[in-house]
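Structural description and commentary
The chain contents come next:
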There are 2 protein chains.
Amino acid sequence: MAWNTAETKRRLKKSAVAEFAAHGLGGTTMERIARRAGINKERLYTYFGDKSQLFATVLADELNKVAAAVPLNDLDGPEAVAAYAAAVYDYHAEHPELTRLLLWEGLLDLPEVPDEASRTDYYRTKVAAFTRAQQANLISNDMPGADLAFLILALAGWWYAVPQMARMMHADDPATPDTARAALMRAARKLATPAV
Amino acid sequence: MAWNTAETKRRLKKSAVAEFAAHGLGGTTMERIARRAGINKERLYTYFGDKSQLFATVLADELNKVAAAVPLNDLDGPEAVAAYAAAVYDYHAEHPELTRLLLWEGLLDLPEVPDEASRTDYYRTKVAAFTRAQQANLISNDMPGADLAFLILALAGWWYAVPQMARMMHADDPATPDTARAALMRAARKLATPAV
DNA sequence: GTGGATCCCAACCCAAACGTTGGAGTTGGA
DNA sequence: TCCAACTCCAACGTTTGGGTTGGGATCCAC
C-alpha cells in the first residue's frame, strides 16, 4: 500500500482531538491516540513531537476553528444578537469536543495561548460588530461592546461548561436543550435591548 | 511528637484541593499531594481510599462549600439580583481553586456527581428564591426561575472558565476585574428587570 | 507497665505509559 | 539499477506513579 503522509497526519490529529477533548492532557495516553487512529505510536513523535507539543498543536488548530466558526453578520438589533447567541449554542451542541478543548485550555491557565494572535484577530472582528451596532444605536450601549459580546458567549457556553450544575439546578423541572435555548435567546435579546 | 489524625487529614485534604484544582484528576499525582502536605503517601490511601475516591471526597467537601458560600437573601428586586451576581463573582475571585474544581468536575462528565443530593437541595433553595421573587412580581418572570438563576451564574462564572477568551476579546481595551464586575452587574440587573 | 490498637514512614512492587530504536518496506531521482 | 530519503511498525528501555507492606513509634485501656 502506498504511503500517505498527509492522510496519516490527518487521522492522528483527528484521533488526538477526540482523546484530548474526552480526557484532557493528563488523562490522555499517546498509545490510545495511536490505536484509535490505527497508526503506530511512533508516528506521533516524529510528526508532532512529544505529548504536550501535540496538545498545543491540536489546540491551535481546532480552537482557531471555534473562534471562526459561527459567522456574525451585521447586528441590526437585539433580535440579531439573540439569533447569534442561539447559533453559538447550536455550535457547541454540534461540536462538543471543541467546547471541551476550550475549557481545558482555560484550566491550563497559560500566560499565552497557542496561536493567540490569530485568534485574537477573530475575536476582534466579533467585538467590532457589536461596537458598530452600538454606535448606530441598534443595540444597547450601556456597557462596552467587548463585555456585551463576552457575556453573550457566557450565556451560550455555560450549559456546556458545567452540565452538572445545569442538571442540579433544573432538578425539579428538567431543562431540555430546547428550553435552554429559548431561555438563552430571551436573555440575549434582553441584554442587547437598549434601555428605554 | 504526638499523633494528630485530624490535623493530618486536614493537611492532606488541603493539599489535595490545591493539586486537583491546579492539575485536575489526571494531571495530579498522589505523590505530589503527599509531598506538598509533608505527609507520607500511604496516609492518603488509608484515610481516603484510592485516587478517584479522594477526588470525589474533595469535590464533595469543597463544592458543598461553594454552594453554601454565597448567601442569597430574599430577592426584592433587580438590584438584589445584581448584588448577588457580584457576590458570586467576588467569591470566585477569592477562591479560584473551587471554581476550577467545579469546571473539572464538569469536564469529567459523570452521570452523577459526588454528593449530588445535598448539592441539588442547595441549588433548589437558590432557585426557589428566584421563583418566589418572580411570583411576587419583583423581578422578571419571562423565563423559568431556574433558567434565570442559572444564567446569572453563567455571567459571573464565565470569566473564570475561559480566562483566555476574556483576555483575547478584551485585547484592545483590557478588562480589569472591576470593569468586568461592573458589566456583570449591569447585565444581571437587566436580566432581572421585568419588561415594561 | 503491658498489650493491643493506631499512627506514620521508608521502601518496595508492578503496571502503565512516555519516548526510542532498529529494521523492513516504499518511493523517486541520478 | 542503485541508493538516499522517507514511511511505518514491533519491540524495547526507562521513568512515572498508583498502590502495598513491614516495621518502628506512640497512645490508651486495663
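Residues numbered from 1 in each chain as written. Chains lettered and ligands numbered in written order. Predicted model: local features only at pLDDT ≥ 70, side-chain atom pairs only at ≥ 80, totals over all residues. Heavy atoms only, no water.

An unreviewed UniProt entry lists chain A under the name AcrR family transcriptional regulator, from Nonomuraea dietziae.

Another point: the UniProt feature "DNA-binding region" (unreviewed entry) in chain A. Sites flagged by UniProt as "DNA-binding region" (unreviewed entry) map to residues 29-48 of chain A. Counting secondary structure, residues 29-48 of chain A comes out at 80% helix and 0% strand; the distance between its end C-alpha atoms is 14 Å. (UniProt positions renumbered as here; feature names shortened; annotations may be inferred. Helix = DSSP H or I, 4+ residues; strand = E, 2+ residues; numbered from the N terminus.)

Attention shifts here to the side chain of Lys126(B). Residue and element names in this part refer to chain B. Here Lys126 shows up in helix H7 (residues 116-135). Buried charge without a salt bridge: Lys126, with Asp74 as the nearest opposite-charge side chain at an N-O distance of 11 Å. Within the local environment of Lys126, its side chain forms a polar contact with the side chain of Tyr122, the two groups lying 3.1 Å apart. Once residues lying within four places of it in the same chain are set aside, the contact partners of Lys126 are Ala67, Val70, Pro71, Leu72 and Tyr84. (Buried < 20%, exposed > 50% of the residue type's maximum accessible area, 1.4 Å probe, protein only. Lys, Arg positive; Asp, Glu negative; His and termini not counted. Salt bridge = Lys/Arg side-chain N within 4 Å of Asp/Glu carboxyl O. Polar contact = N/O pair within 3.5 Å; in protein donor to acceptor, adjacent residues only side chain to side chain. Contact = heavy atoms within 4.5 Å.)

Around DNA strand C lies a shell of 21 residues, among which Lys41(A), Thr8(B), Asn40(B), Arg43(B) and Tyr47(B) are the nearest. If you look at DNA strand C and keep only atoms within 4 Å of the protein, 63% of those are sugar or phosphate atoms. One of the side-chain N or O atoms of Lys41(A) is found 2.5 Å from a base oxygen in DNA strand C. At 3.2 Å, a side-chain N or O of Lys51(A) approaches a phosphate oxygen of DNA strand C. (Near = heavy atom within 4 Å.)

Right, let's get into the environment of Lys51(A). Residue and element names in this part refer to chain A. In this structure, Lys51 sits in helix H4 (residues 51-69). Sequence-wise, Lys51 and Met30 are 21 residues apart; in three dimensions their C-alpha atoms are separated by 7.1 Å. Ignoring anything within four residues of it in the chain, the contact list for Lys51 reads Phe20, Leu25, Gly26, Thr28 and Met30.

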